[in-house]
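Tertiary structure, described
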Amino acid sequence: MSFEIVHFDAVTSTMDAAMGYYKQGGSPPFAIVADEQTQGRGRRGHTWISMRGNLFVTYVVTCPKRMVSHMSFVAALSVHETLVHYKKINDEGRRQKSKGIASLSLKWPNDILFYGKKVAGILIDVMDNRDDYTVLGIGVGMNTRH
């Protein structure tokens, strides 16, 4: 499956930019990526510190209504597994054993922890509800540098 990637230097949040892009006719699936967020947000209105150099992306996808309740878990597991895979490759590149992988954990429902500290968060927003499917924004903020 291919999808469009739209890049911005700075946005209030990739979720806001994704909603705007969708309302202007953007067709899922697509991704909004930004170098910086000026008003990044997490669940329940919490602020997500968005320092330049980290990863900020929102994927916009269509989802069958029966699967919407599972998407938070699927997204968190996907980000976690990506980090586990990255850690394995990184450890092998340094000729180290990959014994530190257990240091990565999921904190339900939307956080990835590394040695107990939050390194990534996932925010899911409903962008559109249709009769047979839902359009979801799946935002991921990951501290890749800071």
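Data block above holds the structure.
Our subject in this report is the structure included herewith. Keep in mind it's a predicted model, so treat the numbers as computed, not measured.

Helix and strand counts for the protein come out as two helices and seven strands. Starting at the N terminus and ending at the C terminus, the protein contains elements arranged as β-α-β-β-α-β-β-β-β. Across the 146 residues in the protein, those meeting the buried criterion constitute 40%. Partitioning the contacts of the protein with sequence separation of at least 6, the portion at a separation of at least 24 is 63%.

In globular proteins that are soluble, nonpolar side chains generally tend to be buried together. Counting residues in hydrophobic clusters, the biggest one holds 18 residues, and the most contacted among them are V79, L83, I112, A120, I122, V140 and M142. Every element with two or more residues in this core is listed here: strand 3 (55–64), helix 2 (71–93), strand 6 (117–129) and strand 7 (133–142). Core analysis: the next-biggest nonpolar cluster, separate from the first, contains 13 residues, M15, A18, I32 and V135 among them.

So, on to the pattern of salt bridges. Inspection of the entire model under this criterion finds three salt bridges. In this structure, the salt-bridge partner of E36 is R52, at a minimum N-O distance of 2.8 Å. In this pair, E36 is assigned in strand 2 (residues 30–37) and R52 in the loop between strand 2 and strand 3, connecting sequence segments 16 residues apart. Assessed through its relative accessible area of 26%, E36 is described here as partly exposed. Judged by relative accessible area, which is 39%, R52 ranks as partly exposed. R130 is the salt-bridge partner of D128, the closest N and O atoms lying 2.8 Å from each other. In this structure D128 comes out as buried when scored by relative accessible area, which is 17%. What you see here is one network of salt bridges that share partners, running through D9, E36 and R52.

Conventions used here
- The numbering scheme is per chain: residues are counted from 1 as the chain's sequence reads.
- Where totals are concerned, whole chains, interfaces and linings use all residues; where local detail is concerned, this predicted model gives features only for residues with pLDDT of at least 70, and gives and counts side-chain atom pairs only at 80 or more.
- Working from all heavy atoms in the structure, the side-chain values ignore hydrogens and water.
- Numbering of helices and strands runs from the N terminus, with a helix taken as a DSSP run of H or I at least four residues long and a strand as a DSSP run of E at least two residues long.
- Each residue gets one of three labels from its accessible area relative to the maximum for its type: buried under 20%, exposed over 50%, partly exposed in between, using a 1.4 Å probe on protein chains only.
- Every residue pair with non-hydrogen atoms within 4.5 Å of one another is taken to be in contact.
- Each nonpolar core is a collection of buried residues, namely Ala, Val, Leu, Ile, Met, Phe, Trp, Tyr and Cys, held together in the definition by side-chain atoms within 4.5 Å.
- Here a salt bridge means any side-chain nitrogen of Lys or Arg lying within 4 Å of a carboxyl oxygen belonging to Asp or Glu.

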